[in-house]
Amino acid sequence: QVQLVESGGGLVQPGGSLRLSCAASGFAFSNYNMNWVRQAPGKGREGVLCISSNGGSTRYADSVKGRFTISRDNAKNTVYLQMNSLKSEDTAVYYCAAGRSCYLALYDMNYWGKGTLVTVSS
């Protein structure tokens, strides 16, 4: 049974930092590119970061470039999202998703977690 379980969300002040984790099981994690996708209140889902299966390359949406970092540990079947300099517009449910490409295209993502809420507010 495929499972992706996100953790680490919560309330943080503007300018603060937060680290999300996503633990994977039930599929060949090291064969998949891993993505972080977010959905802000009242908006559609947006692919924001991707890391290749071996961790050798990454792709970032312009909205998070220079502030967010994606990494993975294939020995632990886990992908991470380090978020710094958080802004109110980063408030969203953050999902991890496994896919075959790294183009931040939602249709390419095969497996999804249930998401974790990040709220950036003073």
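No experiment lies behind these values; they were computed from the predicted model shown.

Caption draft 1: Focus on the side chain of Thr116. Inspection of the secondary structure assignment puts Thr116 in strand β11 (residues 116-120). Classification of Thr116 by relative accessible area gives buried; the value is 11%. Within the structure, the side chain of Thr116 is placed 3.2 Å from the backbone nitrogen of Gly9, a separation counted as a polar contact. Once residues lying within four places of it in the same chain are set aside, the contact partners of Thr116 are Glu6, Ser7, Gly8, Gly9, Leu20, Ala92, Val93 and Tyr94.

Caption draft 2: View of the pairing of strand β3 (residues 18-25). Where strand β1 (residues 3-7) lies against β3, five bridges are found, and the strand directions are antiparallel. Following the sheet pairing, Gln3 is matched in β3 by Ser25. Here β3 pairs with strand β8 (residues 78-83) via six bridges, running antiparallel. Bridge pairing in β8 places Ala23 opposite Thr78.

Caption draft 3: Highlighting the environment of Ala61. Relative to the helices and strands, Ala61 resides in the loop between β6 (58-60) and β7 (68-73). Separated by 14 residues in sequence, Ala61 and Gly47 have C-alpha atoms that sit 7.3 Å apart. Beyond its immediate chain neighbours, meaning those up to four positions away, Ala61 contacts Gly47, Val48 and Leu104.

Rules used throughout
Residues numbered from 1 in each chain as written. Predicted model: local features only at pLDDT ≥ 70, side-chain atom pairs only at ≥ 80, totals over all residues. Heavy atoms only, no water. Helix = DSSP H or I, 4+ residues; strand = E, 2+ residues; numbered from the N terminus. Buried < 20%, exposed > 50% of the residue type's maximum accessible area, 1.4 Å probe, protein only. Polar contact = N/O pair within 3.5 Å; in protein donor to acceptor, adjacent residues only side chain to side chain. Contact = heavy atoms within 4.5 Å. Pairing = 2+ DSSP bridges.

Don't take any of this as a statement about function, it's just geometry.
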